[in-house]
Every structure is written in C-alpha cells, then in structure tokens.
Amino acid sequence: VEASRATGMVARRGVVAVDPNVIPLGTRLYIPGYGMAIAADTGGLLGVNKIDLLMESYGEAMEFGRRSVEVYVLQ
C-alpha cells in the first residue's frame, strides 16, 4: 500500500493531488463525476488549476479521462 509523500495518507480513491499553493492540503472537496475527496498529496507535474484524481482501476481512469471540471471546496 502506497502512502502520500505529502501527508502520509494511504493512497486510495478519494485522495487527490493538488497544488498546495492553490488548494491547501487537508481541504475537503467535491468533484462532479468523481465524488467527495480530500487534498492529501502533491503532484510534481501539476500546474495551477490542475488536480490529479486516484481511481480504483486503469479502466476507471481511462473512462473518466482528462476533463475540465469545477471543484467545490467544502467547509
């Protein structure tokens, strides 16, 4: 089982990588088409306004694909 290098949280569906300068680590998010998530990792190749979602399988990732979505920050 792999853990996030940024927070130590176990990598699983619902754990997303963000640019912590834009979305602070620990922020709870809602992503349409994906669901609830927590910003718990950083991505070396992420740019501003990009996040990386962890999926359960390669097939799920391919089905979701790359897309533009609105990310909602939850209180």
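We now turn to the structure provided with this report. (Residues numbered from 1 in each chain as written. Predicted model: local features only at pLDDT ≥ 70, side-chain atom pairs only at ≥ 80, totals over all residues. Heavy atoms only, no water.)

What to know about the overall build of the protein chain
The line we're drawing: The way it works is that DSSP assigns letters per residue, a run of H or I at least four long becomes a helix, a run of E at least two long becomes a strand, and they are numbered from the N terminus. Here the term buried applies to any residue with accessible area under 20% of the maximum for its type, exposed to any over 50%, and partly exposed to those in between, with areas from a 1.4 Å probe on protein chains only. Note on contacts: a residue pair is in contact if any heavy atoms of the two residues lie within 4.5 Å. Where accessible areas are quoted, they stem from the Shrake-Rupley method and a 1.4 Å probe; at the residue level, only the protein chains shown are allowed to cover.
Tallying secondary structure elements over the protein chain gives one helix and five strands in all. Within the protein chain, the proportion of its 75 residues that are buried is 27%. By sequence separation, contacts in the protein chain at least 24 residues apart represent 53% of the contacts at least 6 residues apart. Accessible area of the protein chain: about 5300 Å², with a carbon and sulfur share of 51%.

Quick word on the nonpolar core
Convention followed: Residues belong to one nonpolar core when they are buried, are Ala, Val, Leu, Ile, Met, Phe, Trp, Tyr or Cys, and are joined through side-chain atoms within 4.5 Å.
Among the nonpolar cores identified, the biggest contains 11 residues, and these are Val-16, Val-18, Ile-23, Leu-29, Ile-31, Tyr-34, Ala-37, Ala-39, Leu-53, Met-55 and Phe-64. Looking at this core, the elements that each hand over two or more residues are strand 1 (15-18), strand 2 (28-31) and strand 3 (35-42).

Section: the side chain of Thr-27
Put simply, the test is: What qualifies as a polar contact is a pair of N or O atoms within 3.5 Å, subject to a donor-acceptor requirement within protein and to the restriction that residues adjacent in sequence count only when both atoms come from side chains.
Counting through the fold element by element, Thr-27 comes out in the loop between strand 1 and strand 2. At 2.6 Å, the side chain of Thr-27 forms a polar contact with the backbone oxygen of Pro-24. Apart from residues no more than four positions distant in its own chain, Thr-27 is found in contact with Ala-37, Ile-38, Ala-39 and Val-73.

A few points about the sheet that holds strand 4 (residues 52-53)
Hydrogen bonds between backbone groups are what pair the strands of a sheet, and the pairing can be parallel or antiparallel. The condition is simple: Only when DSSP finds a minimum of two bridges between them are two strands counted as paired.
Taken in spatial order, the five strands line up as 4-1-3-2-5 in an open sheet, and their pairing is mixed. Of all strands in the sheet, those with a lone pairing partner are strand 4 and strand 5 (72-73), marking the two edges. Strand direction decides the pairing type here: strand 1 and strand 4, joined by two bridges, are antiparallel. Opposite Val-16, over in strand 4, you have Leu-53 as the bridge partner.

Section: the pairing of strand 1
Going residue by residue along strand 1, you find Val-15 and Ala-17 tucked away on one face and Val-16 and Val-18 tucked away on the opposite face as well. Judged from the four bridges that link them, strand 1 and strand 3 form a sheet pairing that is parallel. Bridge assignment links Val-16 to a residue of strand 3, and that residue is Ala-39.

Digging into the pattern of salt bridges
Rules: A carboxyl oxygen of Asp or Glu within 4 Å of a side-chain nitrogen of Lys or Arg is what we treat as a salt bridge.
Taken as a whole and assessed by the stated rule, the structure comprises one salt bridge. Notably, a salt bridge pairs Glu-60 with Arg-13, separated by 2.9 Å at the nearest N-O pair. With a gap of 47 residues between them, Glu-60 in helix 1 (residues 58-64) and Arg-13 in the segment before strand 1 connect regions that are remote in the sequence.

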